[in-house]
Amino acid sequence: MAQQQPLSSTVQPTDVYGGDEVSALVLDPGYYNTRAGFAGEDVPRQVIPSFYGHIEGRDLFGDEVIIPRAGYEVRNYMNRDSVVEDWDAATKAWEHVLVRRLQPERQTPPSKNGLNDETDGDVVMDDGAGAEMEERPLSENPLLMTEAPWNSAKAREKAIEVVMENWACPAFWLSRTPVLASFAAGKATALVVDVGGANTSVTAVHDGMMLKRSVQKSPAGGLWLSGQIRSMWETNEPKVDIVPSFMVENKKPVEAGAPADYRPKKFDFPITDSFRLFEEERVLTEFKESVVEVWRGPAKFTESQQYIANQPGRVFEMPNGSNQMWKEQRYKVSEGMWDESAAFPPPTAPGLDIPSLAKNQTIPALIKACLDGVDVDLKPNLLGNVVVTGSTSLLNGFNDRLNNELQAAYPGVRIKIHAAGLTSERRFGAWIGGSILASLGTFHQMWISRKEYEENGPGIVEKRCK
Amino acid sequence: MTSADVREVLNLNQPSGPRPKKQKVAAPRQSLKGLAREVQALGGDNPIAIVPEITSFRKKRFGSRKPAARWELRPFQNSARGDNGALVLRHWRQKKDAMAPPGDDLMDGVQMETDGKLGDGENKKEVLEDSSFAKYNVKIPVPQYDDDQYNNNLQNDDWSKEETDYLMETVRDFDLRWPLIWDRYEFVPEIPDGPDGGEALSVAVMPAPKPRTMEDLKQRYYEVAAKMMAVQKPAQYMTRPEFELYETMLQFNAAKETQRKRFVANTLARTREEAREEESLLMELKRILARNQTFNEERRDLYRRLDFPPTNAEEDLNAYKSSAGLANLLQNLMNSEKSKKRKSLAAGPDGPGPTPTSVSHPGPSGVHQSSEGPGHRRESIAASTHGGHGHHRDSITSATPATPAEPTPAPGGADKKKKGGATAAERRKLTEQEEQVYGVTYGDRLGGGPTFRYEKINKLYSHKSNQQQKRITNLLTELDIPPRLAMPTAKVVEEFERLWGALTALVDLRKVNEKLDNEIMVEEVKKAERDRAKGIVPAEEEQEKAADDGQNGETGEAGAEGDPPSVVIKNEEGDQVPEQTGEVNGEKEKRPSSSGGHKRSASVLSAGSDKSNKRQKK
């Protein structure tokens, strides 16, 4: 019976997809999350926030450590452009996710586990093997990292330096997120619309390479949408206060529209603004996930108010128990992505710093600008391979709206939108593409090896990762 | 119990056919052992239905398994990297010597651990296996040039050498993917180091990098590539695909390409209404084209009908409907063929000598012949008119399908024939040059089986008499030509045949010449005799002919034997006199008809000369 099993362990997996695992790691840092995992898998093993806690000169990483504490600040090592800003923190964050979280726990060497301590206080000899392990934690794992298409040459060189100097990776590669997203969709040529946390970017990918002149980005991403929601709540008839969950001790159910009835939690230390903003963002994310919808078209949003007002609304309960039915507003908040004139003015709360969109920063304008930057022969092919990725693209109706907008803008061209159905595939599109790429047998010749790095210095990344 | 048994019991009619046999249940015979087998054997042919009990539940099943496959983390390199295996990656592969004897698993496990630690150094020493994906690394060839070649061939006002180098490098980097090349093309000309080296100055002087369109880049690249291709291999030596590539690259037209792109851009910029309108127009166009095609088809059909060879079929058909008429037709055709043959013989420029078969007619006459023949697909190999038997057959085959007045001209058949004619006509379209190119020749009708070309020459020899053969061989040796050609290529044989013709003509002429000399001698002897007799009878010009007749009688006493040969001589002479003059004008034309006479005259002449000799003796 054992022989009749579909794939016995004695049979080598067939190379139908050209894979050849070399236990590579894939790291995909973004503004909201940092994704990491093993190449060849379909989802990242570890997803930690790119936000980290800073307290008394120490940096703490991971979702579980972001808790209210005295003097606890929440920072982000990435900036709003999805480019690494704080390299020290980035190094620590990456080490945390790659070494602590992805590598197996190692036994404490016997000399240090306290069992062999002798009372006469001899100087313990340093165990060579253990130290080597500490120094060379990733010596067997090539690392593939992603970057934003507009990443600067300096930042790229810094990235390879960090990886090569700190964890002794045998090989390294830096790849652009749109390219990887198109790989994840199974396409080598695609128009990638990436609506992410802090940015929306539209990039043309030709034959597995990004077209630099086509890169377009705007802040019309998740953060901007949160700002829209804040503005909407500020201007709402009963003004909606954002009370994050951590501030609620307990709550009582109330009627829709009635003021909240809850007991706030008392902290005997001041909560930092950054921590509060981070927690508020969680509430906003929930609102986006459950309520916000995109007006699908093809009729214009402004001309369909009547119809929209008749659409069923959705109820959202805030962490403090107040709840309300959201009807046409849930369309209105996202309309600014498509039509800058329909957007709310950006919120005025301190520390938010969310810009308003210009006319050329809406998604249709980005796509048009992107296509204007490529050769005219490519346009039909690109429009036939539109890949939508990024978590903010998971808004209800986003793809329908995009399709309608494109058809209106390019009649007579066949438009096909490829958007992964699985939420995780849309959220981690770039990571999955990286996972595919790094596990391909034909990719082995691409890696920048340690030797090349040592011979040429960090400048090699500019030469090789084009 | 089968249905047949039931029928038997109920006394019903037996159904015809054999009784259906009991189907044997093909149960696999378990190989049992010991007591179980004895019990089974009791049943004999009808096995007892005992379900064997499986006594071993789990233990056995696992026990029957093969030993676990061993896998190892095996290092490998990738030769496509081109770094001499500097990067060694490791992947899981099944261990090659995995067939370790079962039982000492534990030992193996221990050994493996030690292997993992100690064997590292050993592995390094031996050659690492190459990645199976290295073979997919394909590089495109990009034209290379050195400074000299650049200066000689590739100078361009618009492109500096630096920029051309940069272009070539970019092309190599992006494997000829033009959108990428254009996208990443950022040529920054180097700041020329002036003697002053003043920064402000150099910045001011620095030319702004030209924005290059994709067409500019392509134009330059194709220019360079085509020129370098031609430098490395002149165009006339290129293979066909190479030359096609060369042509394509040479013919790249940037202006045209730009225009095309503008059109494409316009197409993309259409509004929805325009797009719809264009679509409907395209549909219309397609319909019109389809209609046009059917119309053309019909018209062509009509033309075909009109184009039917002009026949007065009605009358002819009636004539040939009977078998007698058919025989008549055959006779007519053969006659016409014969006359044709004769004509060609007469027309043949070189058919001298007494032999009926001589040098074959090369090209022109054959072609003429075939083109004269009626539209027939075998024309191309239609035989020239030599060799009676072959010709005869051919003439018949060529004649029969050509008759438009065939007794059964079914419309379909006629159609087919027309097609045959059409293809023949197409075939005839080959120009002389093309014929040369394709090696099409219209030669003799080929015999069955392969032949050597020199055999053709042997045939020429064998048709000659021994004497002539000897003479020709002598002539050839005079000319330093071996009688058997060393390299009988088609051309050589052709030349040789021409030479042969000339030689035979020469031999014939010599013969004639000799004969004439002889005759002159004979005549002179006669004249001398006559002069002797003239002492009595005065010779007169007018009387000579009459005297010829009278000579028989008069010289009765002179001619002691009174032999008829002398009469023959006289007759011969009569023939000969006008012929001599004719030969002066154009001996070739006259020769065939006179050839028979020559032969006879020659033998008679010898007899005559014998006689004259005798007379002289007397």
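Going along each chain's sequence as written, the residues are numbered from 1 onward. Labels are handed out in written order, letters beginning with A for the chains and numbers beginning with 1 for the ligands. In view of the model being predicted, local features appear only for residues whose pLDDT reaches at least 70, and side-chain atom pairs are presented and counted only at 80 or more, with totals across whole chains, interfaces and linings using the full set of residues. Side-chain metrics in this entry use all non-hydrogen atoms of the structure; hydrogen atoms and water are not considered.

As annotated in an unreviewed UniProt entry, chain B is SWR1-complex protein 4 from Coniochaeta pulveracea. UniProt positions are given in the numbering used here, feature names are shortened, and annotations may be inferred rather than shown by experiment. Turning to chain B, the UniProt record has this under Subcellular location (unreviewed entry): "Nucleus". In UniProt, chain B has this text filed under Sequence similarities (unreviewed entry): "Belongs to the SWC4 family."

Looking up chain A in an unreviewed UniProt entry gives the name Actin-related protein 4, with the organism given as Coniochaeta pulveracea. Quoted verbatim from the Sequence similarities (unreviewed entry) field of UniProt, the annotation for chain A is "Belongs to the actin family. ARP4 subfamily." Turning to chain A, the UniProt annotation filed under Subunit (unreviewed entry) states: "Component of the NuA4 histone acetyltransferase complex, of the INO80 chromatin remodeling complex, and of the SWR1 chromatin remodeling complex."

Visitor: What exactly am I supposed to notice about the overall build of chain A here?
Guide: In terms of helices and strands, chain A carries 15 helices and 19 strands. For each residue, the accessible area found with a 1.4 Å probe, counting protein chains only, is set against the maximum for its type, and the residue is called buried under 20%, exposed over 50%, and partly exposed in between. Looking at chain A as a whole, 52% of its 466 residues are labelled buried. Of the contacts made within chain A by residues no fewer than 6 positions apart, 69% connect residues no fewer than 24 positions apart. For chain A, the exposed area adds up to about 21400 Å²; of that, 49% sits on carbon and sulfur atoms. Segments assigned H or I by DSSP are reported as helices when at least four residues long, segments assigned E as strands when at least two residues long, and all are numbered from the N terminus. Here a residue-residue contact requires only that any non-hydrogen atoms of the pair lie within 4.5 Å. The Shrake-Rupley method, run with a 1.4 Å probe sphere, supplies the accessible areas, and residue values consider only the shown protein chains as cover.

Visitor: Got a minute to help me understand the pairing of strand S1 (residues 25-29) of chain A in this structure?
Guide: Along any regular strand, the residues point their side chains to alternate faces of the sheet. Residues and elements named next belong to chain A. Taken across its five residues, S1 has five buried, putting it largely inside the fold. Every second residue of S1 is oriented toward a common face, with Leu25, Leu27 and Pro29 on one face and Val26 and Asp28 on the other, all of them buried. Strand pairing is defined by DSSP finding a minimum of two bridges between the two strands. Hairpin connection, S1 to strand S2 (residues 33-38): the antiparallel pair is bridged by three residues. Bridge count between S1 and strand S7 (residues 143-147): three bridges; the pairing is parallel.

Visitor: Teacher, can you tell me more about unusual backbone geometry here?
Guide: All names here are of chain B. Here the phi dihedral of Asp175 falls at roughly 50°; this positive angle occurs in a residue that is not glycine. Summarising the element assignment, Asp175 is placed in the loop between helix H6 (161-173) and helix H7 (178-184). For Asp175, a relative accessible area of 28% translates into the label partly exposed. With phi around 70°, Asp480 is a residue other than glycine that occupies positive phi space. By the secondary structure assignment, Asp480 is in the loop between helix H20 (466-479) and helix H21 (490-534).

Visitor: Is there a simple way to explain the side chain of Thr272 of chain A in this structure?
Guide: All names here are of chain A. If you trace the backbone, Thr272 turns up in the loop between strand S14 (261-264) and helix H6 (273-290). The exposure class assigned to Thr272 is buried, which follows from its relative accessible area of 19%. In this structure, Thr272 is in contact with Gly71, Tyr72 and Glu73, ignoring residues within four places of it in sequence.

Visitor: Explain the interface of chain A and chain B to me, please; I cannot follow it from the model alone.
Guide: Size of an interface: often given as the accessible area lost when the parts come together. Each side of the interface is counted separately: chain A has 49 residues, and chain B has 38 residues. The term salt bridge refers to a pairing of a side-chain nitrogen on Lys or Arg with a carboxyl oxygen on Asp or Glu at a separation within 4 Å. Taken together, chain A and chain B are joined by seven salt bridges. Of the charged contacts, one joins Asp375 of chain A and Lys261 of chain B as a salt bridge, the two residues approaching to 3.0 Å between their closest N and O atoms. Within 3.5 Å is the distance limit for a polar contact, defined as a pair of N or O atoms, with the added protein rule that one can donate a hydrogen and the other accept it, and that residues adjacent in sequence qualify only through two side-chain atoms. The interface formed by chain A and chain B includes 16 residue pairs in polar contact (both at pLDDT 80 or more). Within the residue set of the side of chain A that touches chain B, elements represented by two or more residues are strand S11 (209-210), helix H10 (379-383), helix H11 (398-409), strand S19 (448-449) and helix H14 (450-456) of chain A. A class-by-class count of the residues in the side of chain A that touches chain B yields 21 nonpolar, 16 polar and 12 charged. Three categories are distinguished: nonpolar for Ala, Val, Leu, Ile, Met, Phe, Trp, Tyr, Cys and Pro, charged for Asp, Glu, Lys and Arg, and polar for the others, with Gly belonging to the last.

Visitor: Is there a simple way to explain the nonpolar core in this structure?
Guide: Side chains of nonpolar character tend, in soluble globular proteins, to be buried together. Only buried Ala, Val, Leu, Ile, Met, Phe, Trp, Tyr and Cys residues count toward a nonpolar core, and they belong to the same one when joined by side-chain atoms within 4.5 Å. Ranked by size, the top nonpolar core spans 80 residues in total, and within it Leu191, Trp233, Phe287, Ile367, Phe398 and Leu402 of chain A together with Tyr221 of chain B carry the most contacts. It is helix H9 (residues 214-232) of chain B that provides the largest number of residues to this core, a total of nine residues. Dropping the residues within four chain positions of it, Phe287 of chain A is found in contact with Ile229, Met232, Trp233, Val292, Phe316 and Trp326 of chain A. Among the nonpolar cores identified, the runner-up in size contains 67 residues, and Leu138, Ala155, Val163 and Ala198 of chain A belong to it.

Visitor: Explain the environment of Glu247 of chain B here, please?
Guide: Residue and element names in this part refer to chain B. Within the fold, Glu247 resides in helix H10 (residues 240-250). We classify Glu247 as partly exposed; its relative accessible area is 30%. Here the alpha-carbon distance between Glu247 and Ala235, two residues 12 residues apart in the chain, equals 9.5 Å.

Visitor: Would you explain the environment of Pro298 of chain A in this entry?
Guide: For Pro298 of chain A, the location among the structural elements is in the loop between H6 and helix H7 (305-309). For the pair Pro298 of chain A and Glu405 of chain A, spaced 107 residues apart in sequence, the C-alpha separation works out to 7.5 Å.

Visitor: Which parts of the structure should I look at to understand the packing of helix H5 (residues 222-235) of chain A against H6 of chain A?
Guide: A packed helix pair is summarised by two numbers, namely the angle formed by the two axes and the spacing between the axes. All names here are of chain A. The interhelical angle for the contact between H5 and H6, taken along N-to-C directions, is 90°, at an axis separation of 10 Å. Taken together, the axes of H5 and H6 are roughly perpendicular relative to one another. Facing H5, whose interface residues are Gly222, Leu223, Leu225, Ser226, Ile229, Arg230, Met232 and Trp233, H6 presents Leu277, Glu280, Glu281, Leu284, Phe287 and Lys288. Looking at the contact of H5 with H6 residue by residue, the class counts come to eight nonpolar, two polar and four charged. Fitted lines through C-alpha atoms give the axes, limited to the stretch in contact for helices. The angle between two N-to-C directions lies from 0 to 180 degrees. Oblique is the label for any angle not under 35 degrees, not over 145, and not in the 65 to 115 range, which are roughly parallel, roughly antiparallel and roughly perpendicular in turn.

Visitor: Whenever I open this one, H11 of chain A confuses me. Can you help?
Guide: All names here are of chain A. Expected span of a helix, by definition, is 1.5 Å for each gap between consecutive residues, and there is one gap fewer than residues. The end-to-end C-alpha distance of H11 is 16 Å, a good match for the 16 Å that 12 residues give at a rise of 1.5 Å each. Among the residues of H11, Phe398, Arg401, Leu402 and Leu406 are the ones counted as buried. Each buried residue of H11 lies within a common arc of 130° when the element is viewed along its axis, so the set occupies one face. Contact partners of the buried residues in H11: strand S9 (190-195), helix H8 (329-335), helix H9 (363-372), H10, strand S17 (386-389) and strand S18 (417-419). Picture the helix axis, draw a direction to every C-beta atom, and the arc is the one those directions span.

Visitor: I'm lost on the sheet that holds strand S6 (residues 73-76) of chain A in this one. Help?
Guide: Hydrogen bonds between backbone atoms are what pair the strands of a sheet, whose relative direction is either parallel or antiparallel. All names here are of chain A. In spatial order, the strands read S5-S4-S6; together these three strands make up an open sheet with antiparallel pairing. The sheet is open, and its two edges are formed by strand S5 (58-60) and S6, each paired on a single side. Going across the sheet, the axis of each strand differs from the next one's by a mean of 40°, ignoring polarity. When strand S4 (residues 51-55) meets S5, the two strands line up antiparallel, connected through three bridges. By the bridge assignment for S5, Ile55 is matched with Arg58.

Visitor: Help me understand the side chain of Glu281 of chain A, please; the structure alone is not making it clear to me.
Guide: Residues and elements named next belong to chain A. Secondary-structure assignment places Glu281 in helix H6. Overall, Glu281 belongs to the buried group, its relative accessible area being 9%. The contact partners of Glu281, leaving out residues within four places of it in the chain, are Tyr32, Leu223, Ser226, Arg230 and Lys288.

Visitor: Whenever I open this one, the pairing of strand S15 (residues 314-317) of chain A confuses me. Can you help?
Guide: Residue and element names in this part refer to chain A. As paired elements, S15 and strand S16 (residues 323-326) share four bridges and run antiparallel to each other. Bridging from a neighbouring strand, Phe316 pairs with Gln324 of S16. If you look at the hairpin formed by S15 and S16, you'll find five residues sitting between the two strands, and Gly321 has a positive phi there, around 100°.

Visitor: Can you walk me through the sheet that holds strand S3 (residues 129-130) of chain B in this structure?
Guide: Residue and element names in this part refer to chain B. Taken in spatial order, the three strands line up as S2-S1-S3 in an open sheet, and their pairing is mixed. Edge positions in the sheet fall to strand S2 (89-94) and S3, since each of these pairs with one other strand and no more. Taken together, the six bridges between strand S1 (residues 71-77) and S2 define a ladder with antiparallel strand orientation. Considered in S2, the bridge of Trp71 is made with Gln94.

Visitor: What am I meant to see in the packing of aromatic side chains here?
Guide: Given two aromatic rings, one states the distance between the centres and the angle between the planes to describe the pair. Residues and elements named next belong to chain A. Aromatic rings from Phe, Tyr and Trp, taking only the six-membered ring of Trp, are treated as a pair when their centres fall within 6.5 Å; an angle between ring planes under 30 degrees marks them as stacked, one over 60 as edge-to-face, and anything in between as tilted. Under the counting rule described, the total for this entry stands at 30 aromatic pairs over all chains. Taking 5.6 Å as the distance between ring centres and 90° as the angle between the ring planes, the aromatic pair formed by Trp173 and Phe443 counts as edge-to-face. Of this pair, Trp173 sits in strand S8 (residues 171-176) while Phe443 sits in the loop between helix H13 (429-438) and S19; the two residues are 270 residues apart in sequence, bridging distant segments of the chain. No difference in accessibility class separates Trp173 from Phe443, as the two residues are buried. With 5.5 Å between their ring centres and 85° between their planes, Phe287 and Trp326 make a pair best called edge-to-face. Placement of the pair is Phe287 in helix H6 and Trp326 in strand S16, with a sequence separation of 39 residues. A relative accessible area of 0% means that Phe287 is categorised as buried. Since its relative accessible area comes to 2%, Trp326 is described here as buried.

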